[in-house]
Amino acid sequence: MKTLVISIFLGYVLSSTLKFSPHKWTKVILTHHWPETFCTIEHCKANFSYWTLHGFWPNHGNECNSSWHFNASLIKDLMPEMRTYWPDLLNPASTAFWKHEWLKHGTCAAEVEALNGQHKYFSKALELYHKLDLDGVLKKSQILPSENPYKLADLEMSISDAYKVTPKIQCISQEQGGQILGQIEICMDRQFQLIDCEKTSEELWSRDNEVLWLALNSSSIYSVCDPSVPVYYPLADTLERTKAR
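Everything numeric in this text was worked out from a predicted model, so none of it was measured. (Residues numbered from 1 in each chain as written. Predicted model: local features only at pLDDT ≥ 70, side-chain atom pairs only at ≥ 80, totals over all residues. Heavy atoms only, no water.)

Draft legend 1. Examining the pattern of salt bridges more closely. The tally for this structure, following the rule as stated, stands at five salt bridges. For the salt bridge of Glu-198 with Lys-27, the shortest nitrogen-to-oxygen distance reads 3.9 Å. Of this pair, Glu-198 sits in the loop between β5 (194–195) and α8 (201–205) while Lys-27 sits in the loop between α1 (2–20) and β1 (28–33), placing them 171 residues apart in sequence. We note a salt bridge from Glu-127 to Lys-124, for which the minimum N-O separation is 3.3 Å. You can see Glu-127 and its partner Lys-124 sitting in helix α5 (residues 118–132), three residues apart, about one turn around the helix. (Salt bridge = Lys/Arg side-chain N within 4 Å of Asp/Glu carboxyl O. Helix = DSSP H or I, 4+ residues; strand = E, 2+ residues; numbered from the N terminus.)

Shown next as structure tokens:
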């Protein structure tokens, strides 16, 4: 069954890539992930009690300039901030995660002048991360890690009220029932003005197949949260109990 699902994923990705790759990107997605949830997939240790950056992704394009190599020395001044707010949760001392983000996403984001260089790309993402302050927005609405589940509508409302746009909230479904909050995407146009995020399969598959990667490498994948299922927002010491429910 898993082989069949992956085959369907691959077919969809290939057809989507052929359909969308010639187009310029129209929006960029500032993607936050909850470290505790990520580490349930990758079996790492989350040392962060706040939302960190996963990526800054144009909605079209993938490795747009293979000759534009990653050079860590160009963002040396950003490193302390990167390790704090855009960390590699798997290999904290490595720059491989940022290399991946630059080559796959940054070289495509560089279509616009404000992002047409490594330093511009990473510094703009950090600037927007701090400006949006997703962690603060959730806390202000009393959306905190807890043993008790939330309704998806309450999560969406807390973010929509703050930003006046609709986010994409993604979860990991559990075989035992329930879903765990994993990732929140905030979308912007090419001028970095906030816009609604779509929840369609087209948007999901036209990026860079991050979800496919998770399907191939993990027992669970991120998907748009089901509004009819309780959402768990786990603390480190409650995560195992949440998974067992």
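Further notes follow.
Draft legend 2. Main features of the UniProt feature "active site" (unreviewed entry) in the chain. Sequence positions flagged by UniProt for "active site" (unreviewed entry) are, in local numbering, His-54, Glu-101 and His-105. A compact arrangement is adopted by the annotated residues: their sequence extent is 52 residues, whereas the largest C-alpha distance between any two is 11.6 Å. Considering the arrangement of structural elements, one finds His-54 in strand β2 (residues 52–58). (UniProt positions renumbered as here; feature names shortened; annotations may be inferred.)

Draft legend 3. Broad picture of the confidence of the model for the chain. Counting all residues, the mean pLDDT for the chain is 83, and 78% of those residues have values of 70 or more. Here residues 1–22 scores under 50 on pLDDT; set against residues more than four positions off or in separate chains, the count is 19 contacts. Under a pLDDT of 50 for its full length, residues 238–245 has, in the predicted model, 17 contacts with residues more than four places off or in other chains. (pLDDT = per-residue confidence, 0-100. Contact = heavy atoms within 4.5 Å.)

Draft legend 4. Main features of the state of the cysteines. Under the defined criterion, the tally for this structure stands at four disulfides. The partner cysteine of Cys-187 in its disulfide is Cys-197, sulfur to sulfur 2.0 Å. The sign of the 115° torsion about the S-S bond sets the Cys-187-Cys-197 disulfide as right-handed. In this pair, Cys-187 sits in strand β4 (residues 179–188) while Cys-197 sits in the loop between β5 and α8, placing the two residues 10 residues apart along the sequence. With a relative accessible area of 0%, Cys-187 lands in the buried category. Cysteine pairing for the chain, with bonded cysteines counted in sequence order: 1-2, 3-4, 5-8, 6-7. (Disulfide = S-S within 2.5 Å. Buried < 20%, exposed > 50% of the residue type's maximum accessible area, 1.4 Å probe, protein only.)

Draft legend 5. Representation of helix α7 (residues 152–163) in the model. The terminal C-alpha atoms of α7, which comprises 12 residues, lie 17 Å apart, in line with the 16 Å expected from a rise of 1.5 Å per residue. Within the sequence span of α7, burial applies to Leu-152, Leu-155, Glu-156, Ser-158, Ile-159 and Tyr-163. Take α7 and look down its axis: the buried residues cluster within an arc of 160°, on one side only. Along its buried surface, α7 packs onto α5, α6 (134–140), β3 (168–173), β4, β5 and β7 (231–232). Phi for Lys-164, located one or two positions after α7, is positive at around 65°. (Expected span 1.5 Å × (residues − 1). Arc of directions from axis to C-beta.)

Draft legend 6. Looking closely at the packing of aromatic side chains. Inspection of every chain in the model, using the stated rule, returns 14 aromatic pairs. Between the aromatic rings of Tyr-50 and Tyr-85, the centroid separation amounts to 6.0 Å while the plane-to-plane angle is 50°, which identifies the pairing as tilted. Here Tyr-50, found in the loop between α2 (35–42) and β2, pairs with Tyr-85, found in helix α3 (residues 79–85); they are 35 residues apart in sequence, far enough to count as distant. Tyr-85 gets classed as partly exposed once you look at its relative accessible area, which sits at 27%. A ring pair is formed by Phe-56 and Tyr-121, whose centres lie 5.8 Å apart and whose planes are at 35°; its orientation type is tilted. With Phe-56 in strand β2 and Tyr-121 in helix α5, the pair connects residues that are 65 residues apart, well separated along the chain. As far as burial versus exposure is concerned, Phe-56 and Tyr-121 are alike and both buried. By the ring-pair criterion, three or more aromatic residues cluster together here, those being Phe-56, Trp-68, Phe-70, Trp-86, Trp-102, Tyr-121 and Phe-122. A cation over an aromatic ring shows up here: Lys-124 above the ring of Phe-192, its NZ or CZ 4.7 Å from the ring centre. The ring of Trp-25 has Arg-190 lying over it, and the distance from NZ or CZ to the ring centre is 4.7 Å. (Phe/Tyr/Trp six-rings, centres within 6.5 Å; stacked < 30°, edge-to-face > 60°. Lys NZ or Arg CZ within 6 Å of the ring centre and 35° of its normal.)

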